[in-house]
Structure formats: structure tokens, C-alpha cells
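Survey of secondary and tertiary structure
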Amino acid sequence: MSLFAFFSENHNALITVLVLSLSIFLFIRNTIVPELTGLLAVAVFIVTGVLTPQKALSGFGSPSLITLMGLFSISSALVKSGSLDRVRELLASESIKTSKRFITLLAFVVAPISGIVPNTPLVASLLPLVEGWCIKRNIAPSKVLLPLSFSVLLGGTITLLGSSVNLLVSDISEQLGYGSLELFSVTAIGVPVWLIGTIYLVLVSDKLLPDRGFSNALSKNINLNNYCTEVTIPQDSKLVGQSLRNSRLQRRFDVDVIQLQRNGKIILPPLADRKIEPDDRLLIRVTRSDLLRLEQERTILLAEKIGSYQNNIFINSSEVTKTFESLLPAGSTLAGASLRELRFRQRYNATVLALRRGQQTIQERLGQCILRAGDVLLIQAPLDSIRGLQSSNDLLVLDQVEDDLPVLRKKPIAIAIALFMIILPSITNIPLVGSVLLAVFAMVVFGCLRPSEIKRSIRLDVLLLLGSLSSFSVAIQSSGLADLIVVNLKFFLEGLPMYFALFVMFLFTVLITQFISNAASVALILPVAIQFASTLEIAPNAIILLVLFAASQSYLTPMGYQTNLMVYGPGRYKFFDIAKYGVGLTIIMSVFIPLLIILNFN
């Protein structure tokens with residue numbers, strides 16, 4: 001049957017082709033956000049009658065999507081509890097002084113973690129730390145940021161939890177009648193892929209990654225996340241007896257010590273080799289999350305709080321307090337005076353913990369600093385006082401951040417729950433989605449996660465995209481379009497040996513993935529590719545894994561995967577920088593993965 005005759009008799013197939021073509025065009029042009037493109041396709045399928053509402057929307061209730069929602073919450077609990085602090089400390093180690101050693105650490109430590117923690121939030125949490133390491137070592141971010149993205153891509157195929165695409169493949173496999181994938185279905189191939197990719201990243205990074213220098217925006221963004229405040233070292237602090245260079249302030253947290261005051265005398269930099277003593281007062285530059293964590297650990301005491309206690313004017317501990325940011329707007333009557341002159345605590349029943357002023361480093365003690373319009377203050381106050389501040393024209397309350405306080409004492413519990421989540425499906429018949437939901441419940445019950453944080457941790461854009469894309473595979477299958485493509489490609493693939501047929505399918509999927517999201521490429525290609533299993537005399541699961549791994553090899557363009565886009569701007573990369581670095585890895589994977597598939601399934 002000719003194509004004209006087929007489409008003239010099958011209007012659903014014609015509509016499906018038009019919708020897919022429009023979707024690919026919109027994905028490539030990025031005219032509208034990808035999830036909106038997916039929802040538009042779903043709407044057209046329903047309106048034109050290609051799919052019933054139940055079939056078109058079936059992806060939004062799939063176990064894989066519910067699993068992904070749970071994983072976002074689990075990863076949020078792990079980051080908040082400090083479970084990744086050891087990784088942060090390793091990356092900030094003084095012994096890691098070259099980009100090659102840093103990349104080795106990324107590949108062997110961060111990559112396996114991305115097999116459990118979804119790679120997008122993992123990169124988001126590590127990106128500021130990597131940028132800070134680059135500035136301290138005077139190494140261009142372009143030398144290490146792309147290996148960070150590639151490392152989590154490699155590690156994301158070690159288990160089913162590593163990537164949202166893995167879960168989408170499992171969902172489509174179940175829709176097509178081949179059953180869902182198990183937690184470790186990909187591991188036998190994923191581990192060799194990770195090791196092969198790691199060798200490549202370590203060996204070629206010095207030669208193939210460009211030196212794009214430092215962006216003014218990078219320094220600006222880092223400074224915009226930092227506060228200046230004054231702290232005191234308590235008697236029982238872990239810092240006592242350590243030099244600043246070797247202290248956890250430098251190794252685990254990105255803290256800059258600007259000034260040290262001891263016995264009433266001010267000691268200016270260089271301070272790296274100074275040993276810390278009890279009651280030392282430090283003027284530091286620090287992010288608000290690290291500041292609150294250090295205080296919670298009693299590594300430091302906030303000097304403003306100490307002064308408040310001494311004057312018996314600190315906030316009553318029985319009151320419910322919040323920690324929040326407040327901006328000093330233009331025209332504020334507070335500008336031009338210091339906190340001490342304003343008697344800020346008495347005036348507002350609130351304590352200023354730290355101050356941020358654009359890119360400027362504050363060299364004064366907090367109480368003596370003259371406030372200026374545009375200053376951002378980190379304030380702790382009771383709820384009633386916050387309401388009073390909100391009604392004031394002198395301060396603009398920006399947000400409340402108390403809910404983001406770390407729960408460090410819960411770290412062992414959070415890690416144990418995550419391990420339980422992984423082990424449970426392996427030793428019982430409980431499906432993965434059940435294990436993940438139990439883990440979310442346990443995180444809440446044991447205090448590692450608040451119920452309100454579950455909603456905040458979920459990436460709605462990812463869920464909308466994955467839920468809508470499953471309609472693509474259903475439409476391709478039900479409209480007969482998959483059968484048509486198979487009939488026309490069968491002639492080409494039939495004469496090829498199995499390895500070369502798998503190589504062609506793998507390479508085709510890889511190339512498509514570079515220009516549309518890997519989730520979209522899976523939804524388009526998997527329903528067609530899986531029908532070649534009988535022709536090639538190989539198990540359907542082999543084709544499923546082939547497409548899964550091919551869609552995860554996003555090493556040629558920035559839009560190939562979201563982590564590539566996340567590092568693209570901070571690394572100051574040009575478009576072809578990624579292709580230059582990733583083409584060798586793509587060729588290696590295109591050669592080895594079909595071979596690994598055959599070895600595992602024949």
C-alpha cells in the first residue's frame with residue numbers, strides 16, 4: 001500500500017504525523033516550554049478523536065510518574081538532612097587542586113549517587129559548590145562543569161531511579177504489554193557504561209575542554225547568594241584548635257573569613273594558618289543555608305544573638321519565630337543609620353542575623369554597619385513582629401526560609417530510609433512505586449521532611465512533560481503508524497547482522513535525542529523499535545534497554561538534556577564546545593552499548 005493510500009484511508013495516522021511533526025518543530029525551536037508542547041499534543045489527540053481522554057491522559061496516573069514524584073521528595077529530604085555533606089566536603093578538599101583530579105572525583109563519587117538521586121536536583125545542589133571551587137583554584141568553570149553534567153548522565157543509568165527517562169521507558173514498556181522494568185534491570189549494562197565513560201572523561205578533558213575564563217555574572221551570582229555577618233566560636237565548637245585552612249568552614253562549607261577579633265584586637269588577613277580559639281569573633285561571608293546549618297550544629301554562635309541575650313532583650317523562646325529575608329527599599333527611613341543607632345531589636349522585636357549588599361564585601365561589624373537602600377537583611381522574629389514589618393514602608397519582607405532549615409540530626413535516618421527504599425523491591429514482591437511511597441511516608445513520620453515540603457520539592461514541569469509524552473507512544477501504536485514504519489524499515493534492517501541493526505537503531509535514537517528532549521525521543525521511537533525484536537530474533541527487553549541507553553547519551557548539544565543546559569551558561573560554553581567534547585564519548589557508546597546488549601541477551 002502506498003503512503004498516499006494509507007493516509008487517505010487512515011485519518012488518525014495522518015493527524016498523528018502532523019501532531020508529531022509540529023511537536024518536534026516546537027521542541028527544536030523551543031518557542032514554547034516543552035511541557036506546554038506536550039499538553040498541546042494531548043489536547044489535539046483528544047479533540048480530533050485520535051485518542052480517548054482516558055488513553056490520552058493515562059500517563060498522568062502511571063506508576064512511573066507517581067514514583068518520580070516520590071523521588072523528588074526523597075532527594076529533597078536527603079539534601080536537607082545533610083546526607084550529601086560528605087560529598088560536598090570531598091569536592092572542597094584542599095588536596096583536589098587540578099581539574100583532572102576534580103573530574104575523577106566527580107566521575108567516581110557523584111556519578112554513582114545519581115543512580116539513586118535524580119540527576120537534575122543533584123546538579124542543582126552541587127553547581128554553586130563547583131563554581132566556588134573554580135574561583136578558589138583560579139580554574140575556568142568550563143574545565144569542570146561539562147564533566148559534571150556528563151558524569152550524572154553516566155551514573156543515571158546505573159539504576160532505574162537515576163533518571164526520569166528511565167521511569168518513562170518502564171511506563172511505556174508496560175503500556176505496550178512487555179511489563180515494567182525492575183530497579184536493577186539496567187545495572188548490568190549501566191555499570192560498564194559508567195566505567196567506560198569515566199575513563200573517557202578523565203583522559204580527554206584537559207585536551208578537549210576549552211578555557212572560557214570567568215564571567216562577571218558568575219562572581220555576581222555567587223556574591224548575591226552570600227551574607228556578611230559576625231559570629232563567635234563557642235567553647236565546644238569543632239573548630240577550636242583547627243587552622244582556618246583546615247577547618248570544616250573551608251572543607252565542607254564555602255565560608256570566607258574576612259576578619260578575626262581576639263581579646264579585643266582585630267587581626268586582618270592572611271588568616272588561613274591562624275588556629276581558632278574559643279570566644280574568637282569572626283566576620284564571615286557565607287550563604288544563608290550554610291549560616292543556619294553552622295549555627296544549628298553549634299559550630300558557631302551568631303554574635304547578634306549573643307548580644308541580645310546579654311542585654312536580656314532577645315526574643316522569647318516560647319514564641320513561634322521565623323527566619324526570613326527583608327529588603328531595605330528606596331526611601332526607607334532606616335537608610336543612613338546603623339542597627340545599633342536604630343535600636344533595631346527593641347524597635348521591631350526582631351534580630352538581624354546577617355546582611356547582604358550586592359557584590360560589595362562588608363568589612364564592618366554588623367551592628368556598626370550603615371544601612372543603605374537595596375541591602376537585604378536576614379532577620380529572625382516572631383510571627384507578630386513579621387506582620388508589623390510587612391505593614392511598614394521601611395522594610396519589605398521578601399520570603400520566609402525557616403522551613404528550609406536543615407535537620408542534621410536526621411541524617412542517619414534519611415540515609416537508612418533511602419537504602420530501605422532501594423533494598424525493599426529487591427528482596428520482596430513490593431513494586432518500586434510502593435517502596436518509594438513508603439519511603440516518603442517514613443521521611444515525614446521521622447521528621448526528615450515536612451508535609452508542606454513534599455509539594456515544594458516536586459518539579460511540576462517534568463511531571464507535565466512526562467505525563468503528556470506517553471500519549472505520543474499510544475497514538476503511534478493505536479493509529480497503525482508504528483506498523484507502517486516497521487514495514488518500510490524492515491527491508492533495510494533485515495539484511496544486516498544483529499549488531500549493525502542495533503547500532504543503526506542506537507545511533508538514530510542518539511541523534512534524535514540531541515535536538516528534542518530524551519523523554520520525547522523515547523516516546524516517539526520505542527513503540528516502533530520494539531517491533532523489530534522478532535525480526536532481529538532478540539528479546540523485546542533488549543530493544544527497550546537499547547532505546548533507554550541511547551536516549552541517555554546526550555553529549556552533543558546543550559538541549560540534549562537539562563543538566564547540559566544547567567551548566568551551559570555558568571561554563572560560558574559555545575554551542576560546539578559540547579559537541580567537540582562529547583562526540584568521542586558518543587562514538588564509544590554507539591560501538592559498545594549494542595555489543596553489551598547482545599552479550600546480556602544472547
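For clarity, every value in this text was computed on a predicted model and none was experimentally measured.

Before going further, it helps to examine helix 25 (residues 518-529). Counting buried positions along helix 25 yields 12 of 12 residues, so the element is predominantly enclosed. Buried within helix 25 we find Asn518, Ala519, Ala520, Ser521, Val522, Ala523, Leu524, Ile525, Leu526, Pro527, Val528 and Ala529.

Okay, unusual backbone geometry next. The phi angle at Asp279 is positive, at roughly 75 degrees, despite the residue not being glycine. Positive phi is not limited to glycine here, since Glu537 has a value of about 55 degrees. Here Glu537 is to be found in the loop between helix 26 (533-536) and helix 27 (540-551). Taking the relative accessible area as the measure of exposure, Glu537 reaches 67% and is therefore exposed.

Glancing now at the pairing of strand 7 (residues 351-356). Among the 6 residues in strand 7, 6 count as buried, and that is most of the element. By the bridge criterion, 5 bridges tie strand 7 to strand 8 (residues 376-382) in an arrangement that is antiparallel. Counterpart to Val352 in the pairing with strand 8 is Ile379.

What follows deals with the packing of helix 24 (residues 498-513) against helix 29 (residues 575-601). Helices that pack against each other are described as a pair by the angle of their axes relative to one another and the distance between those axes. Packing of helix 24 against helix 29 brings their axes to within 9 Å, and their N-to-C directions diverge by 135 degrees. Regarding the angle of helix 24 to helix 29, the classification is oblique. Crossing geometry of helix 24 relative to helix 29 is assigned as right-handed. Between helix 24 and helix 29, the residues in contact are Met498, Tyr499, Leu502, Phe503, Phe506, Leu507 and Val510 and Thr586, Met589, Ser590, Val591, Ile593, Pro594, Leu595, Ile597 and Ile598, respectively. Among the residues forming the contact of helix 24 with helix 29, the class breakdown is 14 nonpolar, 2 polar and no charged.

Here Ile422 lies in helix 19 (residues 411-427). Taking the C-alpha atoms as reference, Ile422 lies 8.2 Å from Leu432; in sequence the two are 10 residues apart. What Ile422 contacts, discounting residues up to four positions off in sequence, is Ile116, Leu161, Leu183 and Phe184.

In total, this model carries 5 salt bridges according to the counting rule given. Note that Asp206 is salt-bridged to Lys100, the shortest N-O span being 3.9 Å. In this pair, Asp206 sits in helix 11 (residues 187-208) while Lys100 sits in helix 7 (residues 99-113), placing the two residues 106 residues apart along the sequence. Residue classification places Lys100 among the partly exposed positions, given a relative accessible area of 35%. With a closest N to O distance of 2.7 Å, Asp280 and Arg262 form a salt bridge.

Here we come to the packing of aromatic side chains. Applying the stated criterion across every chain yields a total of 9 aromatic pairs. Centre to centre, the rings of Phe108 and Trp194 are 6.3 Å apart; their planes meet at 70 degrees, and the pair counts as edge-to-face. Of this pair, Phe108 sits in helix 7 while Trp194 sits in helix 11, and the two are 86 residues apart along the sequence. Phe108 gets classed as partly exposed once you look at its relative accessible area, which sits at 44%.

A cluster of nonpolar side chains, Val583, Ile587, Val591, Phe592, Leu595 and Leu599, forms an exposed patch at the surface whose accessible area comes to about 520 Å². With respect to the helices and strands, Leu595 occurs in helix 29.

Reading guide: rules and limits
- Residues numbered from 1 in each chain as written.
- Predicted model: local features only at pLDDT ≥ 70, side-chain atom pairs only at ≥ 80, totals over all residues.
- Heavy atoms only, no water.
- Buried < 20%, exposed > 50% of the residue type's maximum accessible area, 1.4 Å probe, protein only.
- Helix = DSSP H or I, 4+ residues; strand = E, 2+ residues; numbered from the N terminus.
- Pairing = 2+ DSSP bridges.
- Axes fitted to C-alpha atoms, helices over the stretch in contact; angles between N-to-C directions.
- Parallel < 35°, antiparallel > 145°, perpendicular 65-115°, else oblique.
- Left-handed = near helix turned anticlockwise from the far one by under 90°.
- Contact = heavy atoms within 4.5 Å.
- Nonpolar A, V, L, I, M, F, W, Y, C, P; charged D, E, K, R; others polar.
- Salt bridge = Lys/Arg side-chain N within 4 Å of Asp/Glu carboxyl O.
- Phe/Tyr/Trp six-rings, centres within 6.5 Å; stacked < 30°, edge-to-face > 60°.
- Patch = residues over 30% accessible without salt bridge, like charges linked within 9 Å, V, L, I, M, F, W, Y side chains within 5 Å.
- Areas by Shrake-Rupley, 256 points an atom, 1.4 Å probe, with all protein chains shown as cover.

All quantities given are derived from atomic positions and should not be read as evidence of function.
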